[in-house]
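Structural overview for review
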Amino acid sequence: MLKFILGVLFGAGLAVGYVRYNVELPEYLQLTDKLRGNLVSTATEFELYDLDRDLATRRRALEIFFANRPEFAVDVDAAFGHPFLKSLYRRQAIRQARLLRGQWSAFDVALDKPALKERLEERYGTKDVEVLKRRMLAAALEKEHPFLKSWLQKNGQPSGEAELLDTLKRVGVLPDVQPPP
């Protein structure tokens, strides 16, 4: 049991080291993985670059290729202006916008309880239900969705309490990239 726990802790430490501090295992320990990865990715290139193959086969070949050459995937993404990274961020923003927008109707349930409504009116300084809900939504964005807030700002989307609901409606219906069935 102790070996397992130590192994998990060591693995977690390596993961943090890889991502945050760019720490890697010594080259001699990576040699077999690199050799295996190069062999596997070379074998999948035949499937990947055969444009007559069906899309499912080429997708699987791409997955294998990138799993074995992740630095190549990052280099390709960087060479074309980070479309993958931008798509990943956009997808996360859409997901969080939908989640946050879902809280709007949940606020109605909370405001149906007189004692809770009174406390919320005190906290947000208004008795106007529409303004109260908008302030609660802006507070939820601030507290629960820092990524979405940052993404909205960086993409020039209005995120003030007056226009936030409309922004969430617009962002939440953006076409999301879904894997084919």
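Residues numbered from 1 in each chain as written. Predicted model: local features only at pLDDT ≥ 70, side-chain atom pairs only at ≥ 80, totals over all residues. Heavy atoms only, no water.

**Focus on the packing of aromatic side chains**
Convention followed: Two rings belonging to Phe, Tyr or Trp (six-membered ring only in the last case) form a pair when the distance between their centres is within 6.5 Å. Interplanar angles under 30 degrees mark stacking, angles over 60 mark edge-to-face geometry, and anything in between is tilted. The buried label applies to any residue whose accessible area, calculated with a 1.4 Å probe on protein chains only, is under 20% of its type's maximum; exposed applies above 50%, and partly exposed to all values in between.
If you walk through the whole model with that rule in mind, you get 3 aromatic pairs. Note on Phe-65 and Phe-66: the rings are 6.0 Å apart at their centroids and 50° apart in plane angle, and the pair reads as tilted. Classification of Phe-65 by relative accessible area gives buried; the value is 1%. Every member of this aromatic cluster is reached through a ring pair, and the members are Phe-65, Phe-66 and Phe-72.

**Here we look at the pattern of salt bridges**
Applicable threshold: A pairing counts as a salt bridge when a side-chain nitrogen of Lys or Arg comes within 4 Å of a carboxyl oxygen of Asp or Glu. Helix and strand assignments follow DSSP, with helices taken as H or I runs no shorter than four residues and strands as E runs no shorter than two, numbered in order from the N terminus.
Inspection of the entire model under this criterion finds 7 salt bridges. In this structure, the salt-bridge partner of Glu-63 is Arg-60, at a minimum N-O distance of 3.1 Å. With Glu-63 and Arg-60 both in helix α3 (residues 55-68) and 3 residues apart, the pair spans about one turn of that helix. Take Arg-60: its relative accessible area is 47%, and that puts it in the partly exposed class.

**Regarding the packing of helix α5 (residues 83-111) against helix α9 (residues 164-172)**
Defined as follows: To get an axis, fit a line to the C-alpha atoms, keeping to the stretch in contact for a helix; angles then go from 0 to 180 degrees between the N-to-C directions. Put simply, angles under 35 degrees are roughly parallel, angles over 145 are roughly antiparallel, angles from 65 to 115 are roughly perpendicular, and the rest are oblique. In this scheme the crossing of two helices becomes right-handed for a clockwise turn of the near helix relative to the far one and left-handed for an anticlockwise turn of less than a right angle. In this description, contact between two residues means that some pair of their heavy atoms is separated by no more than 4.5 Å. Residues are grouped as follows: Ala, Val, Leu, Ile, Met, Phe, Trp, Tyr, Cys and Pro are nonpolar; Asp, Glu, Lys and Arg are charged; every other residue, Gly included, is polar.
Direction vectors running N to C along α5 and α9 enclose 135°, while the axes themselves pass 8 Å from each other. In terms of orientation, α5 lies oblique with respect to α9. Between α5 and α9 the crossing geometry is left-handed. In contact with Ala-93, Ile-94, Ala-97, Arg-98, Leu-100, Arg-101 and Trp-104 of α5, α9 contributes Leu-165, Leu-168, Lys-169, Val-171 and Gly-172. Its residues assigned to classes, the contact of α5 with α9 shows 8 nonpolar, 1 polar and 3 charged.

**Brief notes about unusual backbone geometry**
Phi angles above zero are rare outside glycine, and His-82 is one such case at about 65°. Its place among the elements puts His-82 in the loop between α4 (70-79) and α5. Accessibility expressed as a relative area gives 34% for His-82, which makes it partly exposed.

**Some points on a nonpolar patch on the surface**
Which entries qualify depends on this criterion: Exposure above 30% relative accessible area and the absence of a salt bridge qualify a residue for a patch, where like charges join within 9 Å and nonpolar side chains (Val, Leu, Ile, Met, Phe, Trp, Tyr) within 5 Å. Method for areas: the Shrake-Rupley scheme with a 1.4 Å probe, in which residue coverage is limited to the protein chains shown.
There is a patch of nonpolar side chains on the surface, built from Met-1, Leu-2, Phe-4, Ile-5, Leu-6, Val-8 and Leu-9 and spanning about 790 Å² of accessible area. Take Met-1: it is sitting in the segment before α1 (2-21).

**Examining helix α6 (residues 114-124)**
Formally: The reported arc concerns the directions from the helix axis to the C-beta atoms and nothing else.
Along α6, the residues classified as buried are Leu-120, Glu-121 and Tyr-124. Down the axis of α6, the buried side of the element spans an arc of 105°, and every buried residue falls inside it. Residues of α6 that are exposed and point more than 90 degrees away from the buried face comprise Ala-115, Arg-119, Glu-122 and Arg-123. In the segment just after α6, Gly-125 is the residue with positive phi, at about 70°.

**Observations concerning the packing of helix α7 (residues 129-144) against helix α8 (residues 146-154)**
Running from amino to carboxyl end, α7 crosses α8 at an angle of 105°, the nearest separation of the two axes being 5 Å. Between α7 and α8, the angle falls in the class roughly perpendicular. Between α7 and α8, the contacting residues are Leu-141, Glu-142, Lys-143 and Glu-144 on the first element and Pro-146, Leu-148, Lys-149 and Leu-152 on the second.

**Notes on the confidence of the model for the chain**
Applicable threshold: A score between 0 and 100, pLDDT records how confident the predictor is in each residue.
Scored by pLDDT, the chain comes out at a mean of 83, with 77% of its residues at no less than 70. Least confident of the elements in the chain is helix α2 (residues 27-48), whose mean pLDDT is 61; most confident is α8, at 96.

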